[in-house]
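Geometric and topological summary
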Amino acid sequence: RLVIHFHGIKDYADLFPHIQSHALQQRLGLFYEESEVGFENSAWLAFALMSGAIYEGMLFDYDGEKTRNFSDLIAIGKRDGILDEFSSKVMDRTRELRNLVHPGLAEKPFVTRAEAMDMRTVLDRLIKQAAGWRSAKEKS
């Protein structure tokens with residue numbers, strides 16, 4: 001019988017070696033660690049908040065333009081071919097879901113498990129693909 005114990009990642013910032021700013025790399029690591037806790041505990045809004053923060057941080061690093069908003073960064077990622085249709089739609093939905101913290105939006109539907117699963121899929125895919133984003137940017 002084989003028993004395997006998983007104790008997590010020692011430094012979550014190591015998931016983002018391509019991020020140029022050390023401070024942003026560290027922050028994204030903290031966001032990822034917190035997103036993992038939210039996902040494992042079915043805290044879907046918390047997971048959506050952290051996933052959106054990671055998406056935005058990764059796209060911010062890719063683009064480098066400090067004045068762009070999350071919506072613009074998604075459009076640029078799609079234009080440059082680093083985001084496919086599915087990923088950009090999930091990111092747009094995540095961007096909307098982050099606003100559920102505002103009391104005026106209490107009538108809006110809450111984050112679902114299915115949406116969180118899609119966010120997780122996109123998040124894992126982007127972390128794997130992001131190392132190649134620099135060459136994509138140079139081609140655009």
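Just above sits the structure.
Residues numbered from 1 in each chain as written. Predicted model: local features only at pLDDT ≥ 70, side-chain atom pairs only at ≥ 80, totals over all residues. Heavy atoms only, no water.

Turning to the overall build of the protein chain, a few remarks are in order. For the protein chain, the helix and strand inventory stands at six helices and zero strands. The linear arrangement of helices and strands in the protein chain, starting from the amino end, is α-α-α-α-α-α. For the protein chain, whose C-alpha radius of gyration is 16 Å, the value lies close to the compact-globule estimate of 14 Å for 140 residues. For the protein chain, the C-alpha atoms occupy an extent of roughly 45 × 45 × 25 Å along the three principal directions. When the accessible area of the protein chain is evaluated, it comes to approximately 8,500 Å², of which 53% is carbon and sulfur surface. Averaging the coordinates of the 19 positive side-chain charges in the protein chain and doing the same for the 21 negative ones gives two points 2 Å apart. (Helix = DSSP H or I, 4+ residues; strand = E, 2+ residues; numbered from the N terminus. Rg over C-alpha atoms; globule rule 2.2 N^0.38 Å. Areas by Shrake-Rupley, 256 points an atom, 1.4 Å probe, with all protein chains shown as cover. Lys, Arg positive; Asp, Glu negative; His and termini not counted. Charge placed at Lys NZ, Arg CZ, Asp CG, Glu CD.)

Now for helix α4 (residues 85-97). Given a rise of 1.5 Å per residue, 13 residues ought to cover 18 Å, and the 18 Å separating the end C-alpha atoms of α4 matches this to within 8%. Turning to α4, its buried residues number three or more, namely S87, S88, V90, M91, T94 and L97. For α4, the secondary structure elements touched by its buried residues are α2 (44-63), α3 (70-79) and α5 (113-129). (Expected span 1.5 Å × (residues − 1). Buried < 20%, exposed > 50% of the residue type's maximum accessible area, 1.4 Å probe, protein only. Contact = heavy atoms within 4.5 Å.)

Attention now goes to the packing of aromatic side chains. To describe a pair of aromatic rings, one takes the distance between the centres and the angle between the planes. According to the stated counting rule, one finds four aromatic pairs in the structure shown. Taking the centre distance of 6.0 Å and the plane angle of 35° together, the rings of Y12 and Y32 count as tilted. A residue pair is termed long-range when its members are at least 10 positions apart, and Y12 in the segment before α1 (22-40) and Y32 in helix α1 qualify at 20 residues. Of the two residues examined, Y12 and Y32, each falls in the buried class. Members of the aromatic cluster, connected to one another through ring pairs, are F39, W44 and F47. The ring centre of F39 lies 4.8 Å from the NZ or CZ of R120, which sits over that ring. (Phe/Tyr/Trp six-rings, centres within 6.5 Å; stacked < 30°, edge-to-face > 60°. Lys NZ or Arg CZ within 6 Å of the ring centre and 35° of its normal.)

In this section: the packing of α2 against α3. The description of two helices packed together rests on the angle between their axes and the distance between the axes. The interhelical angle for the contact between α2 and α3, taken along N-to-C directions, is 60°, at an axis separation of 9 Å. Classified by the interaxial angle, the pair formed by α2 and α3 is oblique. Relative to α3, α2 is oriented so that their crossing is left-handed. From α2, G52, Y55, E56, L59, F60, Y62 and D63 reach across to α3, where they touch F70, L73, I74 and I76. Here the residues of the contact of α2 with α3 are counted per class, giving eight nonpolar, one polar and two charged. (Axes fitted to C-alpha atoms, helices over the stretch in contact; angles between N-to-C directions. Parallel < 35°, antiparallel > 145°, perpendicular 65-115°, else oblique. Left-handed = near helix turned anticlockwise from the far one by under 90°. Nonpolar A, V, L, I, M, F, W, Y, C, P; charged D, E, K, R; others polar.)

Here the focus is the packing of α2 against α5. Close contact between α2 and α5 brings their axes to 10 Å; oriented N to C, the two are set at 30°. When the axis of α2 is compared with that of α5, the two are roughly parallel. When the axes of α2 and α5 are compared, the crossing they make is left-handed. Of the residues in α5, those touching α2 at W44, F47, A48, S51, I54, Y55 and M58 are R113, A116, M119, R120, V122, L123, L126 and I127. Of the residues that constitute the contact of α2 with α5, the class distribution is 12 nonpolar, one polar and two charged.

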